[in-house]
Amino acid sequence: MPVGIDDISFYTANFSLDLQELAANNGSDAAKYTVGIGQERMSVPGADEDVVTMAANACVPLLEGMAQRGEGTNAINTILFATETGIDQSKAAGVYLHSLLKLNPRCRVVELKQACYSATAALQLATAWVARKPQEKVLVVASDIARYDRQTPGEATQGCGAVAMIVSANPRLVALDPETGIHTEDVMDFWRPNYRSTALVDGKYSTKVYLRCVRSAWQDFQQQSQLQFGNFDYFCYHLPFSRMAQKAHNHLANGNAHELSAQALEDQISSSLIYNRITGNSYTAAMYIGLISLLDNTALDLAGKRVGFFSYGSGSVGEFFTGTLVDGYQSMLHSEGHQSMLASRKPLNYAEYQTMYGFEVPVDGGDHAFAEQTNGKFRLAGISQHKRLYEAR
Ligand code: COA
């Protein structure tokens, strides 16, 4: 019985900063961003958005689709919420999400963390649960805001976004294979101590460790599976910035893909990079926005095509796994909604970006209402006595 992704959608904030605007104001050459790291814009969250509201907004098309097909949501008995932008040290962000989506109380909810990798841990756990109880469905969400200190190399690789996936038996989108390649290694390439709101990163070292990890995870995959590089049609990589996928793909292809031209290698990843180039990094969600980008932006029928996924989370854990596109998958896509959401973002000038970057959630325990900034269906209305108040519109 195949198990995998039955439906998938993503959401990003309603504001964006063009990296040419950033370059014009920080003295960088814009080509360093557009060519060197392969990024054009980054999404910037409003004060009334956080990982919960982005996740809830990412879930809307999935729940609307289930309602239209008369499926109901009672089969969802687990929510796995992957994030490294946690809003609470105790309460799982997924519990707020469960409430906003009005899901069945008979639903286990938990939050997972391992930098940008944890959505893949969530997905693998979900497939195991579903294999055991095929009548049940798992809602996997990945939601993050990538935030670095101003005037650092990381600043241009900020962004935000959330992905929601329904994992089920007989999936209508991607059937996942059980064989995976894994590599864990204790390194300090990127981390965020509890007392900081911005990440610390040794950027150049992190790209080296990422490349080492992709090779090690692939080697382990080859011990677990008969599949060779030539059996894959497309690849999706973790996307801190789109050039990273090109580096990783060339690194993996080196020694494995003698017969493929540089253009053929580029064609295996280019569609997966389109959305990330304009949303920026979204940590746990990034590789899965890459999958959506591949599906939404490839005119060819991909049914039967095999995709290789490399998920990386600093610190570090990497996993290489595979899936095959299911016949008729096109009927499950939300391409128009994604494209109109991206097109309707409000561009920020540098001064507006500085103001939005400077917003800090009040920590005084008072009653604070937040101005309406997001267009999303769900928003963070305010904070009162240290409690987050969410609302649906
Ligand atoms: N035109 C074209 N390319 C240019 C350029 C220009 N004017 N100026 C620089 N570049 C290229 C560089 O040659 C380099 O390419 P290369 O990596 O292929 O050698 C690239 O742009 C980046 O330049 P670099 O000087 O290395 O940038 P940086 O010191 O600002 O750091 C990162 C880049 C990615 C390390 C930094 O953005 C970062 O720390 N990001 C956050 C962490 C991260 O994303 N880690 C990834 C693993 S998860």
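Conventions we followed
- Residues numbered from 1 in each chain as written.
- Predicted model: local features only at pLDDT ≥ 70, side-chain atom pairs only at ≥ 80, totals over all residues.
- Heavy atoms only, no water.
- Axes fitted to C-alpha atoms, helices over the stretch in contact; angles between N-to-C directions.
- Helix = DSSP H or I, 4+ residues; strand = E, 2+ residues; numbered from the N terminus.
- Parallel < 35°, antiparallel > 145°, perpendicular 65-115°, else oblique.
- Left-handed = near helix turned anticlockwise from the far one by under 90°.
- Contact = heavy atoms within 4.5 Å.
- Nonpolar A, V, L, I, M, F, W, Y, C, P; charged D, E, K, R; others polar.
- Buried < 20%, exposed > 50% of the residue type's maximum accessible area, 1.4 Å probe, protein only.
- Arc of directions from axis to C-beta.
- Polar contact = N/O pair within 3.5 Å; in protein donor to acceptor, adjacent residues only side chain to side chain.
- Pairing = 2+ DSSP bridges.
- Near = heavy atom within 4 Å.
- Areas by Shrake-Rupley, 256 points an atom, 1.4 Å probe, with all protein chains shown as cover.
- 1 Å grid on protein atoms, 1.4 Å probe; cavity = no way out; pocket = protein on both sides within 12 Å on 5 of 7 lines; lining within 4 Å.
- Sits in = over half its atoms within 2 Å of the grid points.
- Phe/Tyr/Trp six-rings, centres within 6.5 Å; stacked < 30°, edge-to-face > 60°.

Here we look at the packing of helix 3 (residues 51-68) against helix 4 (residues 93-100)
As a packed pair, helix 3 and helix 4 sit with axes 9 Å apart at the nearest point and diverge in direction by 45°. By the angle between their directions, the pair helix 3 and helix 4 is classed as oblique. Considering only the axes of helix 3 and helix 4, their crossing is right-handed. Facing helix 3, whose interface residues are Val-52, Ala-55, Ala-56 and Cys-59, helix 4 presents Ala-93, Tyr-96, Leu-97 and Leu-100. Of the residues that constitute the contact of helix 3 with helix 4, the class distribution is eight nonpolar, no polar and no charged.

Some thoughts on helix 12 (residues 350-357)
If you check which residues of helix 12 are buried, you get Tyr-350, Tyr-353, Met-356 and Tyr-357. End-on view of helix 12: buried residues confined to an arc of 125°, all on one side of the axis. Elements in contact with the buried residues of helix 12: strand 2 (15-18), helix 1 (19-26) and strand 3 (41-44). One side-chain oxygen of the residue at the start of helix 12 lies 3.1 Å from the amide nitrogen of Ala-351, identifying that residue as Asn-349.

As for the pairing of strand 17 (residues 378-384)
Summarising burial for strand 17: seven of the seven residues are buried, a large majority. Alignment of strand 16 (residues 367-369) against strand 17, held across three bridges, turns out to be antiparallel. Its bridge partner lying in strand 17, Asp-367 is registered against Ser-384. Pairing of strand 17 with strand 18 (residues 387-392), which is carried by six bridges, proceeds in the antiparallel orientation. Looking across to strand 18, one finds that Ser-384 is bridged to Lys-387.

Some words on the site of the ligand
What surrounds the ligand is a group of 16 residues, the closest being Lys-32, Lys-204, Ser-206, Arg-243 and Lys-247. The separation between an oxygen atom of the ligand and a polar side-chain atom of Lys-247 is 2.6 Å. Against a free-state accessible area of 970 Å², the protein chains account for coverage of 70% of the ligand. Assessed atom by atom at 2 Å from the grid points, the ligand resides in the second largest pocket. Broken down by secondary-structure element, the contributors of at least two residues to the shell around the ligand are helix 2 (30-36), helix 6 (203-224) and helix 7 (242-253). The residue makeup of the shell around the ligand, split by class, is six nonpolar, five polar and five charged.

Some details on the packing of aromatic side chains
Summed over the entire model, instances satisfying the criterion amount to 21 aromatic pairs. Ring geometry for Trp-218 and Phe-320: centres 5.0 Å apart, planes at 85°, overall edge-to-face. Taken together, the residues Trp-218 in helix 6 and Phe-320 in strand 14 (residues 317-325) connect sequence positions 102 residues apart. With relative accessibility at 1%, the residue Trp-218 sits in the buried group. Take Phe-320: its relative accessible area is 0%, and that puts it in the buried class. Ring centres 6.1 Å apart and planes at 65° place the aromatic pair Tyr-353 and Tyr-357 in the edge-to-face group. Remark: Tyr-357 and Tyr-353 occur in helix 12; sequence separation between them is four residues, near one turn of the helix. Neither residue differs from the other here; Tyr-353 and Tyr-357 are each classed as buried.

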